[in-house]
Amino acid sequence: MKKLLTALTACLLILCGCTSPNKANDYTGPVVTEDTMTDEEKELHMIQSCISAYNNQQIAELEDALQISITSLPIGIDTLPEITSLNDLTEVKDAESTTNTAYVGQYSINDSYYALFFIYKPTSGTFWLNGRITFNIDPASVPDNDPKFADYKSALDPMLSVDNMILNWLYGINVTLGSEEIEPGYFPVTGMGSYTPASIDDIKAIAESVFTADFLTSNYYPAAFESASPVFKEIDGKLCCIETELMDRTYPVYNTSKIINAVEDDNSVFLDILTIINQQDQPEIKRIVMVKTDQGYRLPQNY
């Protein structure tokens, strides 16, 4: 009897060993679904999903989820025309030497506006991580100095004439310094363009004549005035600035004579406007926002 039990036990162990392989060694990875879509089908899918996001008011949600900035619809445009085929667009041959686009398609929104879809990698996933959209207009169709926007232009011009200089100054760029080193790395401020600030409060007043205090406090003041090694210090009653090797930064040039459209709410004015490159108006529509304050209009970001 003992011999029989021993034999049965041995057989059972052999069978278990044969039918219970090491699961870890058997794992071959997740199941991968074969991608059967062509590049053209992916491009169509991406463009349709982009249009759908605008038409279903999902842009703010996508910006928050993806932590990106997405181009706003032109003022006065609420929805985009749907497409059923890439034949509904005109393919644009992009400059291959300066871009890495796989596809660029153009279609008309209405008699004035058209969109360009730039796809860098065809994918069955989201448009926004592999593409971008621009809204455009023929610059020749935009009247010069439209009187409807004269008040906005007169408010915008003086701010855009100094906005970039002010932001550079807050980094210590193009600040005129005296030759005497007051503290290691810090020299007295003798000028900032046509201004001669004598204190940090003076610099803030200059900056806040153009930008909102909230924007400056969140983005520039900590490094300029409050860090362990700030750009500016008041030392023995003298306004001083650290010597910097940072280079002057460039920004787009906005043509305030080419304001396309504007809309106001209780707190802000939204302007669609063109930019200039090499003295030529560009067709891509840009958006500038001016915030209404007790002191007049201010910019809530850099442009």
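Residues numbered from 1 in each chain as written. Predicted model: local features only at pLDDT ≥ 70, side-chain atom pairs only at ≥ 80, totals over all residues. Heavy atoms only, no water.

**Observations concerning the pairing of strand β4 (residues 131–137)**
Stage number 1. Counting buried residues in β4 gives six out of seven residues, a clear majority hidden from the surface.
Stage number 2. With seven bridges connecting them, strand β3 (residues 113–119) and β4 associate as antiparallel partners. Each residue of the ladder has a partner; that of Tyr-114, found in β4, is Asn-136. (Buried < 20%, exposed > 50% of the residue type's maximum accessible area, 1.4 Å probe, protein only. Helix = DSSP H or I, 4+ residues; strand = E, 2+ residues; numbered from the N terminus. Pairing = 2+ DSSP bridges.)

**Describing the sheet that holds strand β8 (residues 238–242)**
Stage number 1. Strands sit in the order β5-β6-β8-β7 across an open sheet of four strands; the sheet is antiparallel. The open sheet has two edge strands with one neighbour each: β5 (176–177) and β7 (232–235).
Stage number 2. In this structure, β5 lies alongside strand β6 (residues 186–191), joined through two bridges in antiparallel fashion. Along β6, the bridge assignment pairs Leu-177 with Val-189.
Stage number 3. Packed onto the sheet, helix α7 (residues 200–207) meets β7 and β8 and runs at close to 145° relative to β7. (Contact = heavy atoms within 4.5 Å. Axes fitted to C-alpha atoms, helices over the stretch in contact; angles between N-to-C directions.)

**Some details on the nonpolar core**
Stage number 1. Core analysis: the largest hydrophobic core is formed by 42 residues, its most contacted members being Leu-156, Leu-216, Phe-232, Met-290 and Leu-299.
Stage number 2. It is helix α5 (residues 150–160) that provides the largest number of residues to this core, a total of five residues.
Stage number 3. With sequence-adjacent residues up to four places away left out, Met-290 is seen in contact with Tyr-152, Ala-155, Leu-156, Met-159, Asn-267, Ser-268, Val-269, Leu-271, Tyr-297, Arg-298, Leu-299 and Pro-300. (Core = buried A, V, L, I, M, F, W, Y, C linked by side-chain atoms within 4.5 Å.)

**Remarks on the pattern of salt bridges**
Stage number 1. Within this structure, the stated rule accounts for eight salt bridges.
Stage number 2. For Arg-287, the salt bridge identified is with Asp-272, shortest N-O distance 2.5 Å. Of this pair, Arg-287 sits in strand β12 (residues 286–293) while Asp-272 sits in strand β10 (residues 268–277), and the two are 15 residues apart along the sequence.
Stage number 3. Of the residues examined, Asp-272 reaches a relative accessible area of 1% and is grouped as buried.
Stage number 4. A salt bridge links Glu-284 to Lys-286, with the nearest nitrogen and oxygen atoms 3.3 Å apart.
Stage number 5. Look at Glu-284 and you get partly exposed, because its relative accessible area is 24%. (Salt bridge = Lys/Arg side-chain N within 4 Å of Asp/Glu carboxyl O.)

**Focus on the sheet that holds β4**
Stage number 1. Reading across from one edge, β1-β2-β3-β4 is the order of the four strands in this open sheet, with antiparallel pairing throughout. Two strands in the sheet have a free side with no partner beyond their single neighbour: β1 (90–91) and β4.
Stage number 2. Sheet contacts for helix α3 (residues 39–55): β2 (103–108), β3 and β4; angle to β3, the most-contacted strand, approximately 130°.

**Some remarks on the confidence of the model for the protein**
Stage number 1. The pLDDT averaged across the protein works out to 90; a share of 87% of its residues lies at or above 70.
Stage number 2. The secondary structure element of the protein with the lowest average pLDDT is helix α1 (residues 2–19), at 44, and the one with the highest is α7, at 98. (pLDDT = per-residue confidence, 0-100.)

**Remarks on helix α6 (residues 163–170)**
Stage number 1. Of all the eight residues making up α6, seven are buried; the element is thus mostly covered by neighbouring parts of the structure.
Stage number 2. Considered for burial, the residues of α6 that qualify are Asp-163, Asn-164, Ile-166, Leu-167, Asn-168, Trp-169 and Leu-170.
Stage number 3. Looking at the buried residues of α6, the elements they touch are α5, α7, α8 (213–219), α9 (221–226) and β7.
Stage number 4. After α6 finishes, the residue Gly-172 shows a positive phi value of roughly 85°.

**Some words on the environment of Pro-188**
Stage number 1. Locating Pro-188 in the fold gives a position in strand β6.
Stage number 2. Residue classification places Pro-188 among the buried residues on the basis of a relative accessible area of 15%.
Stage number 3. Separated by 51 residues in sequence, Pro-188 and Leu-239 place their C-alpha atoms 5.8 Å apart.

**Side note on the pairing of β7**
Stage number 1. Across four bridges, the pairing between β7 and β8 is antiparallel. Its bridge partner lying in β8, Ile-235 is registered against Lys-238.
Stage number 2. Counting the residues in the hairpin turn of β7 and β8 gives two residues, including Asp-236, whose phi is positive at 55°.

**So, the environment of Phe-149**
Stage number 1. Looking at the secondary structure, you find Phe-149 in the loop between β4 and α5.
Stage number 2. Looking at Phe-149, the relative accessible area reads 6%, which means it is buried.
Stage number 3. Residues Phe-149 and Ile-260, 111 residues apart in the sequence, show an inter-C-alpha distance of 8.8 Å.
Stage number 4. Beyond its immediate stretch of four places on either side in the chain, Phe-149 contacts Ile-259, Ile-260, Asn-261 and Ala-262.

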